[in-house]
Amino acid sequence: MALQLYNEQFESRLLLGTAAYPNPEILRAAVRKSQPAMITVALRRQGATSAEHGQGLWGLLQELDLPILPNTAGCLSVQEAVTTAQMAREVFATDWIKLELIGDDHTLQPDVFQLVQAADILIKDGFKVLPYCTEDLIACRRLLDAGCQALMPWAAPIGTGLGPVHEYALHVLREHLPDTPLLVDAGLGLPSHAAAVMEWGFDGVLLNTAVSRSGAPVLMAEAFAQAVNAGRLAYEATPVVPRHNAQASTPQLGQPFWHYPDYND
C-alpha cells in the first residue's frame, strides 16, 4: 500500500490540505484521524489580517509532525511561482513543492504552458516538484520531459466537488503513463470519487475543500482515508471485467463448483 514519490516512501496515499477548516482543533482532529502522507500549506506573501493566526498555524503544523508540502497557490506567472517556491523552501525547510500556476481566474485551470517552464526551473534548482495540471496527455508528457517524477492532474475545477468530469481522458492518461505516479488533485467531492480513481489505478489523491467545508470534517477525512485504501485494494485485487450477459454466480444443484465454467475466471 506504500506510495513512492521521488524515491521517498509514504505509508498513506492521501494528501490533505489545511485551508478553510472551521477552526484549528477540527483541522488537527481531521489530520490525526486520516493520517495523510503529507499536508499542504500555501505560503501567503501578504500576511493574514492577524499575525497571530499565522503563528498558530505554524505551531499546529509542527505539532502534527507530518511532511509538509508547500504550494504556490494563487501564482499567475513563472517568476511569481518560482519566487514563491524558493521562499517556501526557506520557511518550511523542504525541497518539496506543489507547483500551481493558474491560467484562468474563473475555473482556476492550470496554465500548462507556463507550468512546464516553471517546473523546468525548479527541477534544476533541486526541488521535488508535484505539478497541479490538467488531464491533458501531451502537457503531462512535457512536464515529465522537464524532469517531474510525479504529476497531479485534476478531476474537475478546484472546489467544485464534481468528481472525475473527463473520465475517458483520465483513463487515457493512466494507460499511457503506466510508470508515472499520478495523484488526482482538485474536484473530488465524495469518498466514492476517491475510491473510483484509485480503482482505475491512480496512485493517490489530494483533498481539501471536500473535507474542510463538509458538515463534519473529521468524519469526512476518515471516510476519504478509508475510500482511498479501499480503492487501492480493489485495484491491486484486479477487478472482474464487466460483462454484458448475465451469468449465474453459484453452481447448479448436482454440479460441483470446480466444474462450473467460470470457476477459473
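What you see is a predicted model; the values in this text were computed from it and never measured.

## Quick look at the pattern of salt bridges
And step 1. By the definition in use, this model includes 11 salt bridges.
And step 2. As a salt-bridge pair, Arg32 and Glu63 come within 3.0 Å of each other at their nearest N and O atoms. In this pair, Arg32 sits in helix H1 (residues 24-34) while Glu63 sits in helix H2 (residues 51-64), placing the two residues 31 residues apart along the sequence.
And step 3. Residue Glu63 is classed as partly exposed on the basis of its relative accessible area, which comes to 38%.
And step 4. Close ionic contact of Asp203 with Arg174 constitutes a salt bridge, the shortest N to O distance being 2.7 Å. Highlighted residues: Asp203 in the loop between helix H7 (191-199) and strand S10 (204-207) and Arg174 in helix H6 (residues 167-176), separated in sequence by 29 residues.
And step 5. Salt bridges sharing partners connect three or more residues here, namely Arg28, Arg32 and Glu63.

## Some remarks on H6
Note: α-helices contain 3.6 residues per turn, so residues at a spacing of three or four share the same orientation.
And step 1. Where H6 is concerned, the buried positions are Leu170, Val172, Leu173 and Arg174.
And step 2. Tucked inside the fold, the buried residues of H6 contact helix H5 (137-145) and strand S8 (152-153).

## Quick look at the packing of helix H4 (residues 112-124) against H5
And step 1. Packing of H4 against H5 brings their axes to within 9 Å, and their N-to-C directions diverge by 15°. Of the possible angle classes, the one that applies to H4 and H5 is roughly parallel. The two elements H4 and H5 meet at a crossing, and its hand is right-handed. On H5, the residues touching Val112, Leu115, Val116 and Ala119 of H4 are Ala139, Arg142 and Leu143.
And step 2. In terms of residue class, the contact of H4 with H5 is built from six nonpolar, no polar and one charged.

## Brief notes about the side chain of Glu135
And step 1. Among the structural elements, Glu135 can be located in the loop between strand S7 (128-133) and H5.
And step 2. It is Arg174 that comes nearest to the buried, bridge-free Glu135 among opposite-charge side chains, at 14 Å.
And step 3. In this structure the side chain of Glu135 is engaged in a polar contact, spanning 3.0 Å, whose partner is the side chain of His166.
And step 4. When sequence neighbours within four positions are dropped, the list of residues in contact with Glu135 reads Pro153, Trp154, His166, Ala169, Leu170 and Leu173.

## With respect to the packing of aromatic side chains
And step 1. Summed over the entire model, instances satisfying the criterion amount to three aromatic pairs.
And step 2. Aromatic pair Phe10 and Trp96: ring centres 5.9 Å apart, planes at 75°, arrangement edge-to-face. Within this pair, whereas Phe10 is found in strand S2 (residues 8-10), its partner Trp96 is found in strand S6 (residues 96-99), the two being separated by 86 residues in sequence.
And step 3. For Trp96, a relative accessible area of 7% translates into the label buried.
And step 4. On the numbers, 6.5 Å between centres and 75° between planes, the contact of Tyr132 with Trp154 is edge-to-face. A residue pair is termed long-range when its members are at least 10 positions apart, and Tyr132 in strand S7 and Trp154 in the loop between S8 and H6 qualify at 22 residues. No difference in accessibility class separates Tyr132 from Trp154, as the two residues are buried.
And step 5. Grouped by ring-pair contacts, the aromatic residues Tyr6, Phe10 and Trp96 constitute a single cluster.
And step 6. Sitting over the ring of Tyr132, Lys98 keeps its end group 5.5 Å from the ring centre.
And step 7. A cation over an aromatic ring shows up here: Arg174 above the ring of Phe202, its NZ or CZ 5.8 Å from the ring centre.

## Some words on the side chain of Thr134
And step 1. Its location among the elements puts Thr134 in the loop between S7 and H5.
And step 2. A distance of 3.3 Å separates a polar side-chain atom of Thr134 from the backbone nitrogen of Asp136.
And step 3. When near neighbours in sequence (up to four residues on either side) are disregarded, Thr134 contacts Gln109, Pro110, Val112, Cys140, Pro153 and Trp154.

## Some points on the nonpolar core
Here is a general trend for soluble globular proteins: nonpolar side chains tend to be buried in one another's company.
And step 1. Judged by nonpolar contacts, the single largest core of 73 residues is most densely connected at Trp96, Leu99, Leu122, Val129, Leu151, Val205 and Leu207.
And step 2. Beyond its immediate sequence surroundings of up to four residues, Leu151 is in contact with Pro131, Cys133, Cys140, Leu143, Leu144, Leu177, Thr180, Pro181, Leu182 and Leu183.

## Some remarks on the packing of H7 against helix H9 (residues 217-236)
And step 1. Orientation of H7 relative to H9, taken along the N-to-C sense of each, is 25°, at an axis distance of 7 Å. Taken together, the axes of H7 and H9 lie roughly parallel to each other. In the packing of H7 onto H9, the handedness of the crossing is right-handed. Counted together, Pro191, Ala194, Ala195, Met198 and Glu199 of H7 and Met220, Ala223, Phe224, Ala227, Val228, Gly231, Arg232, Ala234 and Tyr235 of H9 form the full contact between these two elements.
And step 2. Partitioning the contact of H7 with H9 into residue classes produces 11 nonpolar, one polar and two charged.

What counts, and where the lines are drawn
- Residues numbered from 1 in each chain as written.
- Predicted model: local features only at pLDDT ≥ 70, side-chain atom pairs only at ≥ 80, totals over all residues.
- Heavy atoms only, no water.
- Salt bridge = Lys/Arg side-chain N within 4 Å of Asp/Glu carboxyl O.
- Helix = DSSP H or I, 4+ residues; strand = E, 2+ residues; numbered from the N terminus.
- Buried < 20%, exposed > 50% of the residue type's maximum accessible area, 1.4 Å probe, protein only.
- Contact = heavy atoms within 4.5 Å.
- Axes fitted to C-alpha atoms, helices over the stretch in contact; angles between N-to-C directions.
- Parallel < 35°, antiparallel > 145°, perpendicular 65-115°, else oblique.
- Left-handed = near helix turned anticlockwise from the far one by under 90°.
- Nonpolar A, V, L, I, M, F, W, Y, C, P; charged D, E, K, R; others polar.
- Lys, Arg positive; Asp, Glu negative; His and termini not counted.
- Polar contact = N/O pair within 3.5 Å; in protein donor to acceptor, adjacent residues only side chain to side chain.
- Phe/Tyr/Trp six-rings, centres within 6.5 Å; stacked < 30°, edge-to-face > 60°.
- Lys NZ or Arg CZ within 6 Å of the ring centre and 35° of its normal.
- Core = buried A, V, L, I, M, F, W, Y, C linked by side-chain atoms within 4.5 Å.

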